[in-house]
Amino acid sequence: MNKPAEREILESISDYKYGFSDPETYVYKAPKGLSQEVVRQISAMKGEPEWMLEFRLRALEHFLRRPMPAWGADLSGLNLDEIYYYVKPTEAEGRSWNDVPETIKNTFDRLGIPKAEQKFLAGVGAQYESEMVYHSIQEHLEKQGVIFLSIEDGLRKHPDLFREYFGTVIPIEDNKFAALNSAVWSGGSFVYVPKGVKVDLPLQAYFRLNVANIGQFERSLIIADEGAQVHYVEGCTAPQYTTDSFHSGVIEIIVKKGARVRYTTIQNWSNNVYNLVTQRAMVHEEGTMEWVDANLGSKITMKYPSCYLVGKGARGEILSIAFAGAGQHQDAGGKVIHFAPGTSSKITSKSISKSGGRTSYRGLLKVHKGATDVRSNVVCDALLLDPQSRSDTYPYIEIDEEDVTIGHEASVSKIGEEQLFYLTSRGLSEEEAITMVVSGFIEPLVKELPMEYAVEMNRLIQLQMEGSIG
Amino acid sequence: MAALEIKNLHVSIEGKEILKGVNLTINQGEVHAIMGPNGTGKSTLAYTLMGHPSYQVTQGEVWYKGQNILELEPDERSRLGIFLAFQYPVAIPGVTVANFLRTALNARRRAENPEDKGIPILEFRKLIRSKMELLKMDPEFAGRYLNDGFSGGEKKRAEILQMAVLQPEIAILDETDSGLDIDALRIVSEGVNALRGPNLGVLVITHYQRILNYIQPDFVHIMLDGRIVESGGADLALHLEEHGYEWVREKYEVVES
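Residues numbered from 1 in each chain as written. Chains lettered and ligands numbered in written order. Predicted model: local features only at pLDDT ≥ 70, side-chain atom pairs only at ≥ 80, totals over all residues. Heavy atoms only, no water.

Caption draft 1: Representation of the overall build of chain B. Counting secondary structure elements, chain B contains 9 helices and 10 strands. Across the 257 residues in chain B, those meeting the buried criterion constitute 54%. Long-range contacts, defined here as pairs at least 24 residues apart, represent 69% of the contacts in chain B between residues at least 6 apart. Summed over all atoms, the accessible surface of chain B reaches about 11100 Å², with 48% contributed by carbon and sulfur. (Helix = DSSP H or I, 4+ residues; strand = E, 2+ residues; numbered from the N terminus. Buried < 20%, exposed > 50% of the residue type's maximum accessible area, 1.4 Å probe, protein only. Contact = heavy atoms within 4.5 Å. Areas by Shrake-Rupley, 256 points an atom, 1.4 Å probe, with all protein chains shown as cover.)

See the structure below:
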């Protein structure tokens, strides 16, 4: 915090929150709203096989049949007829940085992406609008047999592998928004890590919305084969628009025997975005899945990363952080379902509410009959910065087995007068003092992030805290 | 040479008057001790000088460097050179001692010069390392979360470390000796002594005389029922050690009734 270099960066992006936008230069933009026609067009534009079109159409049908969820955040402001379901920015996907169009580069420049790329990135997949425009992989990854492609290329180049796993972790019928994504998905990543291969640097993808009212339905499929290891990082920023935007992603992860996957998200959509994401991992014997999920932006987020522990000794861990400012509702948390014996899980949730913002922790912990010797621990801490803000906890626990060890703790705290007095008595302004308490509160999560993301995270928190004092 | 001048200070908490007219002048370079039985307003004086929001000043002034500091916020008082070593330091989970100190130093530098880019990291490391050596602290300490899970002795040492790094001109030590065993007391006192000099005025608030064996005061004051009732040299403390507070009570409470 307050490192000089960081402060300079802070000042240089003071026209935040990434609320700039480039002129729209799109090759194809589907009409607003959703219909069979739009779905067929999307599939045709992508040159998909017949089975995928059928999958999409079935999903559409399910989506239209299914009612809006009656629980969770208030979605009444979301008009699904006012959304573009497909936008294709340029004809071809860029393989090297030189091929990327200038306007898009400018946007990436302002987000600092090329800089990040020059550093230690293993591969960069940048999602600009609804499709990958730029995607690169370091050579040594390819040599190891690691596949890191846009989801479209994954389907094109590895049809059998793709079809074997696609839609198996999150089926069409899972929920209304997963069905919607299944019907109109576009963009996202396809990752396959072969047996025993450990990817030592995080794979990263940046996401960015740029057209007013665009719906972004990214879809990712990550497969870690037996004994493989990979860390995938997703960071989101979006320009600010006055009309509501919508993001509904689906992330499917398969963690095979003894494999380990970490999926990290820093979500910072602008404050008019509805962000409804389904992400789930199927964890097999002795496998480990870790979700690190930070939600700072959006108007409404409903997101509960989940682990299905289906193999003996599988482990699932979810670290969730939510920050809600004025007009925001972060309905976040995590789900772990223990199907097999000897499985263990841990959910840690940290939420911060300020200026009337609302955070909810919503979690499900389920242990099926026969899943003996299960251990699980759930800890939720909420921090309220002012009396106008709100925090709720909805911890659902369903245990059908006796041989289990379950811990659950929840706490709500307010920034104490004594903490503020102590810090201000050392010369910190009240705003600096509050920022410090908040940074400390989320530190257990931030230290799990790759270094540059930790820096970005602290910077985002500082920006969120600016002007928080009368 | 700046002086902290406390003039006829009256302070209430929730409508109850605790300080009933305190007068005291502390010059830079002097060490004053305030002693007194529990509940006589010693800590109230410390908190009030630093600006705790729960303490209402109903009368009086406190002058320092040409300003009535009672009109300033705690951070402004701090940046003016006033420091309070807390009796009960507050935990700030997730914030390391080093990170906290650097932020505090930079806040002060920026208040002086808004263009300041903050203390260079190497310079800061050198500074904190030398101060920790002075206080015989394990370098690992800088990486721990501030006061989070600290023992009583660690908390007090962390307070003196902050004092050493922030280099105040007036330091108030509120019951710094409480909860310390004899070794910890010696180390903390040695730390304070190492910081003594013509630029530092110290106000030691204590119930017991023993810390004054280590930090030799120039002046000793006895506080009773919200007022300073006796002032003298270091020998006054020794007298208290020998005879207790009873004679003070008798002398002044009789007068009052």
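Caption draft 2: Spotlight on the pattern of salt bridges. Residue and element names in this part refer to chain A. For the structure shown, the criterion picks out 29 salt bridges over all chains. Residue Glu252 pairs with Arg219 through a salt bridge whose shortest N-O separation is 3.0 Å. Of this pair, Glu252 sits in strand E12 (residues 250-255) while Arg219 sits in strand E9 (residues 219-224), and the two are 33 residues apart along the sequence. A relative accessible area of 0% means that Glu252 is categorised as buried. The buried category is assigned to Arg219, whose relative accessible area is 0%. Linked by salt bridges that have partners in common, Arg260, Arg262, Glu290 and Glu448 make up one network. (Salt bridge = Lys/Arg side-chain N within 4 Å of Asp/Glu carboxyl O.)

Caption draft 3: Quick look at a nonpolar patch on the surface. All names here are of chain A. Taken together, the side chains of Ile397, Ile399 and Ile406 make up a nonpolar region of the molecular surface, amounting to roughly 200 Å² of accessible area. Relative to the helices and strands, Ile406 is located in strand E24 (residues 404-414). The partly exposed category is assigned to Ile406, whose relative accessible area is 31%. (Patch = residues over 30% accessible without salt bridge, like charges linked within 9 Å, V, L, I, M, F, W, Y side chains within 5 Å.)

Caption draft 4: Spotlight on the sheet that holds strand E3 (residues 31-35) of chain B. Residue and element names in this part refer to chain B. Read across the sheet, 6 strands follow the order E6-E7-E8-E3-E9-E10 without closing on themselves; strand pairing throughout is mixed. Two strands in the sheet have a free side with no partner beyond their single neighbour: strand E6 (82-85) and strand E10 (227-232). Between one strand axis and the next, the sheet turns through 20 degrees on average, direction left out of account. As paired elements, strand E7 (residues 170-174) and strand E8 (residues 201-206) share 5 bridges and run parallel to each other. Looking across to E8, one finds that Ile170 is bridged to Gly201. Those strands touched by helix H8 (residues 234-243) are E3, strand E9 (219-224) and E10, and its axis lies near 50 degrees from that of E9. (Pairing = 2+ DSSP bridges. Axes fitted to C-alpha atoms, helices over the stretch in contact; angles between N-to-C directions.)

Caption draft 5: Inspection of helix H9 (residues 176-184) of chain A at higher detail. Residue and element names in this part refer to chain A. The element H9 is largely enclosed, with a buried count of 9 among its 9 residues. Residues of H9 that are buried: Lys176, Phe177, Ala178, Ala179, Leu180, Asn181, Ser182, Ala183 and Val184. Those residues of H9 that are buried are in contact with helix H2 (36-45), helix H3 (50-65), E9, strand E11 (245-247), E12 and strand E14 (273-283). Taking the backbone nitrogen of Phe177 as reference, a side-chain oxygen 2.9 Å away marks Asn175 as the first, capping residue of H9. (Polar contact = N/O pair within 3.5 Å; in protein donor to acceptor, adjacent residues only side chain to side chain.)

Caption draft 6: Focus on the pairing of strand E2 (residues 16-27) of chain B. Residues and elements named next belong to chain B. In the sheet, strand E1 (residues 3-13) pairs with E2 via 9 bridges, with the strands oriented antiparallel. Opposite Val11, over in E2, you have Leu19 as the bridge partner. Here E1 folds back onto E2, and the loop between the two strands holds 2 residues, one of which, Glu14, carries a positive phi near 45 degrees.

Caption draft 7: Layout of the interface of chain A and chain B. Across the contact, 24 residues belong to chain A and 39 residues belong to chain B. Interface area for chain A against chain B, summed over the two sides, is near 2600 Å², with a carbon-plus-sulfur share of 58%. If you sort the residues of chain A by the area they bury against chain B, Phe421, Tyr422 and Arg426 of chain A come out on top, with a joint share of 31%. Taken together, the connections running from chain A to chain B amount to 2 salt bridges. The salt bridge involving Glu159 of chain B is made with Arg426 of chain A; its shortest N-O contact spans 2.6 Å. Where chain A meets chain B, there are 16 residue pairs in polar contact (both at pLDDT 80 or more). Of all the secondary-structure elements, those providing two or more residues to the side of chain A that touches chain B are helix H1 (4-12), helix H10 (417-424) and helix H11 (430-446) of chain A. Broken down by element, the side of chain A that touches chain B gets its largest block of residues, 7 residues, from H10 of chain A. Residue composition of the side of chain A that touches chain B, by class: 8 nonpolar, 7 polar and 9 charged. (Buried area = accessible area lost by both parts, 1.4 Å probe. Nonpolar A, V, L, I, M, F, W, Y, C, P; charged D, E, K, R; others polar.)

Caption draft 8: Fine view of the packing of helix H3 (residues 97-112) of chain B against helix H5 (residues 152-166) of chain B. Residue and element names in this part refer to chain B. The interhelical angle for the contact between H3 and H5, taken along N-to-C directions, is 35 degrees, at an axis separation of 11 Å. Of the two possible hands of crossing, H3 and H5 adopt the one that is right-handed. Side by side, H3 and H5 meet where Val97, Phe100, Leu101, Ala104, Leu105 and Arg108 of the first sit next to Leu161, Gln162, Val165 and Leu166 of the second. Residue composition of the contact of H3 with H5, by class: 8 nonpolar, 1 polar and 1 charged. (Left-handed = near helix turned anticlockwise from the far one by under 90°.)

Caption draft 9: View of the side chain of Asp392 of chain A. Residue and element names in this part refer to chain A. Position of Asp392 relative to the elements: it lies in strand E23 (residues 390-399). According to the relative accessible area criterion, Asp392 is buried, its value standing at 17%. Asp392 has contacts with Arg358, Thr359, Ser360 and Tyr361, leaving out every residue within four places of it along the chain.

Caption draft 10: Representation of H2 of chain A. Residue and element names in this part refer to chain A. Taken as a whole, H2 has its buried residues at Val38, Val39, Ile42 and Ser43. Viewed end-on, H2 has its buried residues packed into an arc of 135 degrees, placing them on one side of the element. Those residues of H2 hidden inside the fold are in contact with H3 and H9. Backbone geometry just after H2 places Gly47 at a positive phi near 60 degrees. (Arc of directions from axis to C-beta.)

Caption draft 11: Summary view of the side chain of Lys176 of chain A. All names here are of chain A. In this fold, Lys176 is placed in helix H9. Of the side chains with opposite charge, Asp81 comes closest to the buried, unpaired Lys176, at an N-O distance of 9.8 Å. One polar contact links the side chain of Lys176 to the main-chain carbonyl oxygen of Phe63, over a distance of 2.7 Å. A distance of 2.5 Å separates a polar side-chain atom of Lys176 from the backbone oxygen of Arg66. The residues touching Lys176, leaving out its near neighbours within four places in the chain, are Phe63, Arg66, Pro67 and Met68. (Lys, Arg positive; Asp, Glu negative; His and termini not counted.)

Caption draft 12: Molecular detail of the sheet that holds strand E5 (residues 67-68) of chain B. Strand order in the open sheet formed by 4 strands is E2-E1-E4-E5 (chain B), and the pairing between neighbours is antiparallel. Each end of this open sheet is capped by a strand with a single partner; those strands are E2 and E5 of chain B.

Caption draft 13: Up close: the packing of aromatic side chains. Going through the model one piece at a time under the given rule, you end up with 20 aromatic pairs over all chains. On the numbers, 5.9 Å between centres and 45 degrees between planes, the contact of Trp71 of chain A with Tyr304 of chain A is tilted. Highlighted residues: Trp71 of chain A in the loop between H3 and strand E2 (87-88) and Tyr304 of chain A in the loop between strand E16 (300-303) and strand E17 (306-309), separated in sequence by 233 residues. Judged by relative accessible area, which is 11%, Tyr304 of chain A ranks as buried. Ring centres of Tyr47 of chain B and Tyr55 of chain B lie 5.5 Å apart, and the angle between their planes is 20 degrees; this geometry places the pair in the stacked category. A residue is classified by how much of its surface remains accessible, and Tyr47 of chain B, at 13% relative accessible area, is buried. Among the residues examined, Tyr55 of chain B registers a relative accessible area of 18% and is labelled buried. The structure contains a cluster of three or more aromatic residues connected by ring pairs, namely Trp51, Phe55, Phe162, Phe166, Trp185 and Phe190 of chain A. (Phe/Tyr/Trp six-rings, centres within 6.5 Å; stacked < 30°, edge-to-face > 60°.)

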